[in-house]
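# Chains, contacts and geometry: an overview
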Amino acid sequence: MRGRGPSLTHDADPFAGGLPALDGRRVRLRQPVEADVPDLFAIFGDAETLRYWSHGPLADLAAARRYYDGIVSGLADRTLFQWAVTAGDDRLVGTVTLVGWDRANRRAEIGFVLHPSQQRKGLATDAVRTVLAWAFGPMGLHRVEADVEPPNAASLRLLERIGFQREGLFRQRWWTRGRWTDSVMLGLLADDVGASG
């Protein structure tokens, strides 16, 4: 049984002013807005883009609107922090997410997705680095985790290039798209980021 260490909770709510806009080298991350619903559908309605995602594609614009509503309510109840990824203009071309915020243990899980037309341009790497800088800074996290399907080589390479370390394989962790899927579990500590510069 796991012992409890000192209380690490932070009283200040880093999201009290809403989801902060964050500027990376190549991307700007902002709060999604209702006008983003068609762009959310272009990403989350595409089966190929979501082949490694935790759910299947959205069926239509109405489903994308409900997805957007979930982003808004997730921020309100502090269970989901999903930024719109924009590059060059204000149009949403992807999202980067922190979920599963455990304030007592100062950890969360990261996820990211880009429209196929925006992949292989370094935007996902910049978006993830930008969120991590904020997560380990103002948000006060000690650890960020990632859960990746083993065949998702591009995401594994991206995370490992940033400094995430593989910590294990969880067999048949998710039932998704009519099959069991494994998870490669990765972790990044605030100290790892400091060590890598």
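Thresholds, definitions, all that
- Residues numbered from 1 in each chain as written.
- Predicted model: local features only at pLDDT ≥ 70, side-chain atom pairs only at ≥ 80, totals over all residues.
- Heavy atoms only, no water.
- 1 Å grid on protein atoms, 1.4 Å probe; cavity = no way out; pocket = protein on both sides within 12 Å on 5 of 7 lines; lining within 4 Å.
- Points joined across faces, edges and corners; volume = space filled by probe spheres on them.
- Helix = DSSP H or I, 4+ residues; strand = E, 2+ residues; numbered from the N terminus.
- Nonpolar A, V, L, I, M, F, W, Y, C, P; charged D, E, K, R; others polar.
- Pairing = 2+ DSSP bridges.
- Contact = heavy atoms within 4.5 Å.
- Axes fitted to C-alpha atoms, helices over the stretch in contact; angles between N-to-C directions.
- Parallel < 35°, antiparallel > 145°, perpendicular 65-115°, else oblique.
- Left-handed = near helix turned anticlockwise from the far one by under 90°.
- Phe/Tyr/Trp six-rings, centres within 6.5 Å; stacked < 30°, edge-to-face > 60°.
- Buried < 20%, exposed > 50% of the residue type's maximum accessible area, 1.4 Å probe, protein only.
- pLDDT = per-residue confidence, 0-100.

Take the layout of surface pockets next. Volume-wise, the largest pocket comes out at about 1,300 Å³. For the lining of the largest pocket, the leading source of residues is helix H4 (residues 153-162), giving seven residues. Partitioning the lining of the largest pocket into residue classes produces 21 nonpolar, 16 polar and eleven charged.

Turning our attention to the sheet that holds strand S4 (residues 92-102). Taken in spatial order, the eight strands make up an open sheet running S1-S2-S3-S4-S5-S6-S8-S7, and their pairing is mixed. In this open sheet, the two strands that pair with only one neighbour each are strand S1 (22-23) and strand S7 (165-176). Sitting on the sheet, H4 is in contact with strand S5 (107-114), strand S6 (143-148), S7 and strand S8 (179-189), with an inclination near 15° to S8.

Further remarks concern the packing of helix H3 (residues 123-136) against H4. At their nearest, the axes of H3 and H4 sit 11 Å apart, and the two run at 45° to each other. When the axis of H3 is compared with that of H4, the two are oblique. Once H3 is placed against H4, the crossing between them reads as right-handed. From H3, Ala124, Thr125, Val128, Arg129 and Leu132 reach across to H4, where they touch Leu158, Arg161 and Ile162. Split into classes, the residues belonging to the contact of H3 with H4 amount to five nonpolar, one polar and two charged.

What follows deals with the packing of aromatic side chains. One pair of aromatic rings is described through two measures. These are the centre distance and the angle between the planes. By the definition in use, this model includes eight aromatic pairs. Seen in terms of ring centroids, phenylalanine 44 and tyrosine 67 are 4.6 Å apart; in terms of plane orientation they differ by 35°. Their pairing is tilted. Of the two residues, phenylalanine 44 sits in helix H1 (residues 37-44) while tyrosine 67 sits in helix H2 (residues 61-76), which places them 23 residues apart along the sequence. The exposure class of phenylalanine 44 is buried, given its relative accessible area of 0%. Here a set of aromatic residues connected by ring pairs shows up, and it is made of Phe15, Phe81, Trp83, Trp101 and Trp134.

Take the confidence of the model for the chain next. Looking at the chain as a whole, its pLDDT mean stands at 90, while 92% of the residues score no less than 70. Mean pLDDT values over the elements of the chain span from 74, in helix H5 (residues 190-196), up to 98, in strand S2 (residues 28-30). Low pLDDT (under 50) marks residues 1-9, which in the prediction has seven contacts with non-local residues, meaning those over four places away or in another chain.

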